[in-house]
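# Secondary and tertiary structure notes
One-letter residues, chain by chain:
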Amino acid sequence: MRTIPDDMPREIVTVGLPSGSERRLVLRLLAYWRSLQEGEEFPPRSAINVTDIADLWKDAFILDTRESPDDPVFRFFGDALSHRCGETLIGRHISEVPPNCLASVAVEYAGVVLERRAPMSRGGEFTEADGIRTLYRSILLPLSDDGETITGILGAANCRELVGD
Amino acid sequence: MKAFEIHTFRGGKWKIDSVFDDRDLALFEARRMDSSNRFPGVRVVEEIFDEASSQTTSRTIFRGGSGAEQQMQPQNKQAPSRMPAKQRAAGEERAPKGGKRPGAKKNSTFSGVLLMFLAVGVLGFAAMFGLQYFAGIHLN
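Residues numbered from 1 in each chain as written. Chains lettered and ligands numbered in written order. Predicted model: local features only at pLDDT ≥ 70, side-chain atom pairs only at ≥ 80, totals over all residues.

### Digging into the sheet that holds strand E3 (residues 120-127) of chain A
As a reminder, the rule being used: Whether two strands pair depends on DSSP finding at least two bridges between them. Each helix corresponds to a stretch of at least 4 residues labelled H or I by DSSP, and each strand to a stretch of at least 2 residues labelled E; elements are numbered beginning at the N terminus. The angle between two axes is taken between their N-to-C directions and runs from 0 to 180 degrees, where each axis is a line fitted to C-alpha atoms and a helix contributes only its stretch in contact. Our contact criterion uses C-beta atoms placed from the backbone: two residues qualify when those atoms are within 7 Å.
Spatially, E2(A)-E1(A)-E5(A)-E4(A)-E3(A)-E2(B)-E1(B)-E3(B)-E4(B) is the arrangement adopted by the nine strands of the open sheet, whose pairing is mixed. The two strands at the open ends of the sheet, each matched to only one other strand, are strand E2 (73-77) of chain A together with strand E4 (55-63) of chain B. Within the sheet, the average angular offset between the axes of one strand and its neighbour, ignoring direction, is 25°. Sheet strands touched by helix H1 (residues 23-35) of chain B: E3 of chain A together with strand E1 (2-10), strand E2 (13-20), strand E3 (42-50) and E4 of chain B. Its angle to E1(B), the strand with the most contacts, is close to 10°.

In C-alpha coordinates, the structure reads:
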(Lines give C-alpha, C1' and ligand atoms only; values in the text may rest on other atoms or scores of the structure.)
Protein backbone atom coordinates (compact mmCIF):
# COMPACT_ATOMS: atom_id res chain seq x y z
CA MET A 1 0.00 0.00 0.00
CA ARG A 2 1.39 3.41 -0.91
CA THR A 3 0.96 6.69 0.89
CA ILE A 4 0.73 10.15 -0.62
CA PRO A 5 3.51 12.50 0.50
CA ASP A 6 2.30 15.47 2.54
CA ASP A 7 4.08 17.94 0.28
CA MET A 8 2.35 16.67 -2.88
CA PRO A 9 0.40 19.49 -4.59
CA ARG A 10 -3.33 18.87 -4.45
CA GLU A 11 -5.83 20.71 -6.55
CA ILE A 12 -9.01 21.48 -4.69
CA VAL A 13 -11.74 23.17 -6.68
CA THR A 14 -13.28 26.08 -4.86
CA VAL A 15 -13.89 28.75 -7.50
CA GLY A 16 -15.82 28.91 -10.74
CA LEU A 17 -18.08 26.01 -9.87
CA PRO A 18 -21.57 25.73 -11.32
CA SER A 19 -24.33 27.03 -9.08
CA GLY A 20 -25.91 24.77 -6.49
CA SER A 21 -24.33 23.29 -3.39
CA GLU A 22 -25.10 19.79 -4.67
CA ARG A 23 -22.94 20.33 -7.74
CA ARG A 24 -20.16 21.94 -5.74
CA LEU A 25 -19.98 18.92 -3.44
CA VAL A 26 -19.54 16.34 -6.20
CA LEU A 27 -17.07 18.43 -8.19
CA ARG A 28 -14.95 19.19 -5.16
CA LEU A 29 -14.87 15.55 -4.11
CA LEU A 30 -14.05 14.51 -7.67
CA ALA A 31 -11.19 17.04 -7.78
CA TYR A 32 -9.91 15.70 -4.47
CA TRP A 33 -10.10 12.11 -5.78
CA ARG A 34 -8.15 13.15 -8.88
CA SER A 35 -5.50 14.77 -6.72
CA LEU A 36 -4.92 11.39 -5.07
CA GLN A 37 -4.60 9.42 -8.31
CA GLU A 38 -0.87 10.08 -8.73
CA GLY A 39 -0.69 8.39 -12.11
CA GLU A 40 -2.76 5.38 -11.05
CA GLU A 41 -6.21 4.71 -12.42
CA PHE A 42 -7.73 4.65 -8.92
CA PRO A 43 -6.30 6.07 -5.70
CA PRO A 44 -5.94 3.84 -2.61
CA ARG A 45 -8.21 4.24 0.39
CA SER A 46 -5.17 4.88 2.56
CA ALA A 47 -4.48 8.09 0.62
CA ILE A 48 -7.67 9.72 1.90
CA ASN A 49 -6.99 12.27 4.59
CA VAL A 50 -10.08 13.59 6.33
CA THR A 51 -8.42 16.89 7.11
CA ASP A 52 -8.10 17.57 3.37
CA ILE A 53 -11.85 17.49 2.91
CA ALA A 54 -12.98 18.44 6.39
CA ASP A 55 -16.04 20.37 5.27
CA LEU A 56 -17.13 17.63 2.87
CA TRP A 57 -16.65 14.77 5.28
CA LYS A 58 -20.09 15.10 6.88
CA ASP A 59 -21.68 14.32 3.49
CA ALA A 60 -19.26 11.55 2.56
CA PHE A 61 -19.12 7.80 3.00
CA ILE A 62 -16.72 4.98 2.19
CA LEU A 63 -17.80 1.57 0.96
CA ASP A 64 -15.65 -1.54 1.27
CA THR A 65 -16.11 -3.84 -1.73
CA ARG A 66 -13.43 -6.41 -0.89
CA GLU A 67 -15.56 -9.08 0.77
CA SER A 68 -18.81 -8.66 -1.09
CA PRO A 69 -18.61 -6.51 -4.23
CA ASP A 70 -22.32 -7.06 -4.87
CA ASP A 71 -23.25 -5.80 -1.42
CA PRO A 72 -20.49 -3.49 -0.10
CA VAL A 73 -20.13 -2.52 3.55
CA PHE A 74 -20.03 1.05 4.90
CA ARG A 75 -16.69 1.77 6.56
CA PHE A 76 -17.39 5.44 7.05
CA PHE A 77 -20.68 7.32 7.14
CA GLY A 78 -20.79 11.11 7.50
CA ASP A 79 -22.74 12.86 10.24
CA ALA A 80 -25.07 14.70 7.87
CA LEU A 81 -25.97 11.42 6.18
CA SER A 82 -26.53 9.77 9.57
CA HIS A 83 -28.84 12.60 10.52
CA ARG A 84 -30.82 12.19 7.28
CA CYS A 85 -31.12 8.42 7.64
CA GLY A 86 -31.76 8.55 11.39
CA GLU A 87 -28.84 6.26 12.18
CA THR A 88 -25.23 5.58 11.28
CA LEU A 89 -24.67 2.78 8.82
CA ILE A 90 -21.04 1.98 9.61
CA GLY A 91 -20.52 -1.78 9.38
CA ARG A 92 -23.80 -2.29 7.53
CA HIS A 93 -24.24 -3.57 3.98
CA ILE A 94 -25.87 -1.36 1.37
CA SER A 95 -28.73 -3.86 1.19
CA GLU A 96 -29.53 -2.84 4.78
CA VAL A 97 -29.89 0.87 4.04
CA PRO A 98 -33.37 2.06 5.03
CA PRO A 99 -35.45 2.88 1.96
CA ASN A 100 -36.40 6.47 1.13
CA CYS A 101 -33.33 8.01 2.69
CA LEU A 102 -30.53 9.94 0.99
CA ALA A 103 -28.02 7.10 1.40
CA SER A 104 -30.29 4.63 -0.37
CA VAL A 105 -30.43 6.70 -3.56
CA ALA A 106 -26.73 7.59 -3.28
CA VAL A 107 -25.52 3.99 -3.34
CA GLU A 108 -28.06 2.39 -5.65
CA TYR A 109 -25.71 2.60 -8.65
CA ALA A 110 -22.60 1.27 -6.84
CA GLY A 111 -22.76 -1.86 -8.98
CA VAL A 112 -22.63 0.23 -12.15
CA VAL A 113 -19.50 2.00 -10.89
CA LEU A 114 -17.81 -1.35 -10.24
CA GLU A 115 -18.82 -2.52 -13.69
CA ARG A 116 -17.80 0.63 -15.58
CA ARG A 117 -14.73 1.29 -13.44
CA ALA A 118 -15.19 5.04 -13.54
CA PRO A 119 -16.45 7.82 -11.29
CA MET A 120 -20.17 8.42 -11.66
CA SER A 121 -22.48 11.15 -10.47
CA ARG A 122 -26.24 10.97 -10.38
CA GLY A 123 -28.94 13.20 -9.06
CA GLY A 124 -32.66 13.51 -9.06
CA GLU A 125 -35.66 13.59 -6.83
CA PHE A 126 -36.88 11.17 -4.20
CA THR A 127 -39.48 11.14 -1.47
CA GLU A 128 -38.17 10.76 2.06
CA ALA A 129 -39.80 8.49 4.62
CA ASP A 130 -41.75 11.43 6.03
CA GLY A 131 -43.18 12.23 2.61
CA ILE A 132 -41.02 15.25 1.83
CA ARG A 133 -39.92 15.53 -1.78
CA THR A 134 -36.19 16.06 -1.96
CA LEU A 135 -33.68 16.89 -4.67
CA TYR A 136 -30.35 15.15 -4.30
CA ARG A 137 -26.98 14.80 -6.01
CA SER A 138 -24.42 12.09 -5.36
CA ILE A 139 -21.07 10.85 -6.58
CA LEU A 140 -19.29 7.52 -6.34
CA LEU A 141 -15.52 7.29 -6.86
CA PRO A 142 -13.68 3.96 -7.18
CA LEU A 143 -10.72 3.23 -4.90
CA SER A 144 -8.08 0.55 -5.28
CA ASP A 145 -5.31 -0.70 -3.03
CA ASP A 146 -3.30 -2.15 -5.92
CA GLY A 147 -4.30 0.30 -8.64
CA GLU A 148 -6.24 -2.38 -10.51
CA THR A 149 -8.85 -4.17 -8.39
CA ILE A 150 -11.53 -1.89 -7.03
CA THR A 151 -11.52 -2.41 -3.27
CA GLY A 152 -13.66 0.50 -2.16
CA ILE A 153 -15.80 3.45 -3.16
CA LEU A 154 -15.58 6.99 -1.86
CA GLY A 155 -18.96 8.60 -2.11
CA ALA A 156 -20.85 11.70 -1.13
CA ALA A 157 -24.38 12.99 -1.35
CA ASN A 158 -26.37 15.99 -0.31
CA CYS A 159 -29.86 17.22 -0.86
CA ARG A 160 -32.38 19.97 -0.42
CA GLU A 161 -36.06 19.71 0.26
CA LEU A 162 -38.54 20.92 -2.32
CA VAL A 163 -40.69 23.38 -0.47
CA GLY A 164 -43.83 24.73 -2.13
CA ASP A 165 -43.16 23.04 -5.48
CA MET B 1 -32.43 8.52 -20.36
CA LYS B 2 -29.33 10.63 -20.88
CA ALA B 3 -25.75 10.19 -19.75
CA PHE B 4 -22.78 12.44 -20.33
CA GLU B 5 -19.49 10.60 -20.53
CA ILE B 6 -16.16 12.37 -20.27
CA HIS B 7 -13.59 10.57 -22.40
CA THR B 8 -9.85 11.20 -22.20
CA PHE B 9 -7.23 10.22 -24.74
CA ARG B 10 -4.69 8.05 -22.91
CA GLY B 11 -2.18 5.53 -24.18
CA GLY B 12 -3.28 5.94 -27.78
CA LYS B 13 -6.98 5.41 -27.22
CA TRP B 14 -10.08 7.04 -25.78
CA LYS B 15 -11.09 5.87 -22.31
CA ILE B 16 -14.13 6.68 -20.20
CA ASP B 17 -13.00 8.98 -17.42
CA SER B 18 -16.27 9.68 -15.65
CA VAL B 19 -20.02 9.58 -16.18
CA PHE B 20 -22.59 12.23 -15.26
CA ASP B 21 -26.32 12.56 -15.65
CA ASP B 22 -26.00 16.36 -15.61
CA ARG B 23 -24.83 18.18 -18.74
CA ASP B 24 -23.50 21.26 -16.92
CA LEU B 25 -21.48 19.19 -14.48
CA ALA B 26 -19.95 17.11 -17.28
CA LEU B 27 -19.06 20.18 -19.34
CA PHE B 28 -17.59 22.00 -16.35
CA GLU B 29 -15.45 19.02 -15.42
CA ALA B 30 -14.36 18.44 -19.02
CA ARG B 31 -13.31 22.07 -19.45
CA ARG B 32 -11.42 21.95 -16.17
CA MET B 33 -9.61 18.79 -17.24
CA ASP B 34 -8.87 20.24 -20.65
CA SER B 35 -7.38 23.41 -19.19
CA SER B 36 -5.16 21.34 -16.89
CA ASN B 37 -3.33 19.98 -20.00
CA ARG B 38 -3.12 16.62 -18.29
CA PHE B 39 -4.54 14.80 -21.30
CA PRO B 40 -3.90 15.33 -25.02
CA GLY B 41 -7.63 14.99 -25.67
CA VAL B 42 -10.81 15.46 -23.67
CA ARG B 43 -14.34 15.10 -25.00
CA VAL B 44 -17.88 14.81 -23.69
CA VAL B 45 -20.18 12.32 -25.34
CA GLU B 46 -23.91 12.59 -24.79
CA GLU B 47 -25.61 9.21 -24.81
CA ILE B 48 -29.36 9.04 -25.19
CA PHE B 49 -31.04 5.73 -24.52
CA ASP B 50 -34.46 5.33 -26.09
CA GLU B 51 -36.31 2.83 -23.93
CA ALA B 52 -39.02 2.31 -26.53
CA SER B 53 -36.61 1.13 -29.21
CA SER B 54 -33.79 0.04 -26.86
CA GLN B 55 -31.39 2.01 -29.02
CA THR B 56 -28.63 4.31 -27.89
CA THR B 57 -27.59 7.33 -29.90
CA SER B 58 -24.49 9.30 -29.03
CA ARG B 59 -22.99 12.58 -30.10
CA THR B 60 -19.95 14.55 -29.01
CA ILE B 61 -20.94 17.83 -27.37
CA PHE B 62 -17.47 19.00 -26.32
CA ARG B 63 -14.02 18.54 -27.79
CA GLY B 64 -10.98 19.78 -25.94
CA GLY B 65 -7.33 19.88 -26.98
CA SER B 66 -8.26 20.70 -30.59
CA GLY B 67 -4.75 20.25 -31.96
CA ALA B 68 -4.34 16.82 -30.48
CA GLU B 69 -7.86 15.89 -31.52
CA GLN B 70 -7.03 16.43 -35.19
CA GLN B 71 -3.96 14.21 -34.90
CA MET B 72 -6.06 11.48 -33.33
CA GLN B 73 -8.71 11.39 -36.01
CA PRO B 74 -7.05 9.10 -38.59
CA GLN B 75 -6.46 6.29 -36.13
CA ASN B 76 -9.61 6.61 -34.10
CA LYS B 77 -12.38 7.77 -36.36
CA GLN B 78 -14.00 5.27 -38.62
CA ALA B 79 -15.82 6.05 -41.80
CA PRO B 80 -19.56 5.93 -41.30
CA SER B 81 -20.91 2.51 -42.11
CA ARG B 82 -24.33 1.67 -43.45
CA MET B 83 -24.04 -1.86 -42.14
CA PRO B 84 -26.68 -2.63 -39.49
CA ALA B 85 -25.37 -2.25 -35.93
CA LYS B 86 -26.10 -5.90 -35.12
CA GLN B 87 -24.06 -7.07 -38.10
CA ARG B 88 -21.23 -4.64 -37.24
CA ALA B 89 -21.13 -5.84 -33.64
CA ALA B 90 -20.81 -9.43 -34.82
CA GLY B 91 -17.84 -8.39 -36.94
CA GLU B 92 -19.53 -9.46 -40.15
CA GLU B 93 -18.35 -8.09 -43.47
CA ARG B 94 -20.72 -7.47 -46.34
CA ALA B 95 -19.69 -8.36 -49.91
CA PRO B 96 -18.92 -5.38 -52.13
CA LYS B 97 -21.53 -4.10 -54.57
CA GLY B 98 -22.29 -6.54 -57.41
CA GLY B 99 -22.54 -9.51 -55.10
CA LYS B 100 -19.02 -10.76 -55.79
CA ARG B 101 -16.86 -11.70 -52.86
CA PRO B 102 -13.20 -10.66 -52.81
CA GLY B 103 -12.05 -14.27 -53.46
CA ALA B 104 -14.27 -14.75 -56.52
CA LYS B 105 -11.97 -12.95 -58.97
CA LYS B 106 -8.95 -15.00 -57.88
CA ASN B 107 -10.84 -18.27 -58.55
CA SER B 108 -11.84 -17.26 -62.08
CA THR B 109 -8.23 -16.29 -62.91
CA PHE B 110 -7.02 -19.66 -61.67
CA SER B 111 -9.58 -21.52 -63.85
CA GLY B 112 -8.52 -19.54 -66.91
CA VAL B 113 -4.86 -20.47 -66.45
CA LEU B 114 -5.79 -24.14 -66.00
CA LEU B 115 -7.86 -24.12 -69.17
CA MET B 116 -5.00 -22.50 -71.08
CA PHE B 117 -2.56 -25.21 -69.93
CA LEU B 118 -5.03 -27.93 -70.98
CA ALA B 119 -5.49 -26.32 -74.37
CA VAL B 120 -1.72 -26.04 -74.91
CA GLY B 121 -1.31 -29.69 -73.84
CA VAL B 122 -4.01 -30.94 -76.22
CA LEU B 123 -2.58 -28.91 -79.10
CA GLY B 124 0.94 -30.21 -78.31
CA PHE B 125 -0.22 -33.84 -78.38
CA ALA B 126 -2.11 -33.25 -81.61
CA ALA B 127 0.98 -31.70 -83.18
CA MET B 128 3.16 -34.64 -82.10
CA PHE B 129 0.70 -37.20 -83.48
CA GLY B 130 0.41 -35.22 -86.69
CA LEU B 131 4.16 -35.07 -87.16
CA GLN B 132 4.51 -38.81 -86.48
CA TYR B 133 1.70 -39.55 -88.94
CA PHE B 134 3.19 -37.44 -91.70
CA ALA B 135 6.69 -38.78 -90.99
CA GLY B 136 5.33 -42.39 -91.30
CA ILE B 137 3.70 -41.66 -94.66
CA HIS B 138 6.85 -40.05 -95.96
CA LEU B 139 9.11 -42.96 -94.91
CA ASN B 140 6.75 -45.54 -96.36
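### Regarding the confidence of the model for chain B
Operational definition: Residue-level confidence of the predictor is what pLDDT reports, using numbers from 0 through 100.
In the predicted model, chain B carries a mean pLDDT of 72, and the fraction of residues at 70 or more is 61%. Below a pLDDT of 50 lies the segment residues 74-106 of chain B, which in the model reaches eight contacts outside its immediate sequence neighbourhood of four places, other chains included.

### Topic: the environment of Leu81(A)
Residue and element names in this part refer to chain A. By the secondary structure assignment, leucine 81 is in helix H2 (residues 79-85). Separated by 20 residues in the primary sequence, leucine 81 and cysteine 101 have C-alpha atoms spaced 8.8 Å apart. Those residues within four positions of leucine 81 in sequence are excluded, and the remaining contacts are Asp59, Phe61, Leu102, Ala103 and Ala157.

### Observations concerning H1(B)
All names here are of chain B. Formally: A helix's residues, less one, multiplied by 1.5 Å, set its expected span. To sort residues by burial, count the other C-beta atoms lying within 10 Å of each one's C-beta; a count of 20 or more means buried, 12 or fewer means exposed, and anything in between means partly exposed. C-beta atoms are built from the backbone.
The terminal C-alpha atoms of H1 lie 18 Å apart, and with 13 residues this matches the ideal 18 Å at 1.5 Å per residue to within 8%. Within H1 the residues assigned to the buried category are Leu25, Ala26, Glu29, Ala30, Arg32, Met33 and Asp34. At the exit of H1 stands asparagine 37, carrying a positive phi of roughly 60°.

### So, the pairing of E3(B)
Look at any regular strand and the pattern is simple: side chains alternate between the two faces of the sheet. All names here are of chain B. By the bridge criterion, seven bridges tie E1 to E3 in an arrangement that is antiparallel. Considered in E3, the bridge of lysine 2 is made with isoleucine 48. The pairing of E3 with E4 spans eight bridges and is classified as antiparallel. The residue of E4 that forms the bridge with glutamate 46 is arginine 59. Counted along the chain from E3 to the antiparallel partner E4, the turn is four residues long, and its residue serine 54 has a positive phi close to 55°.

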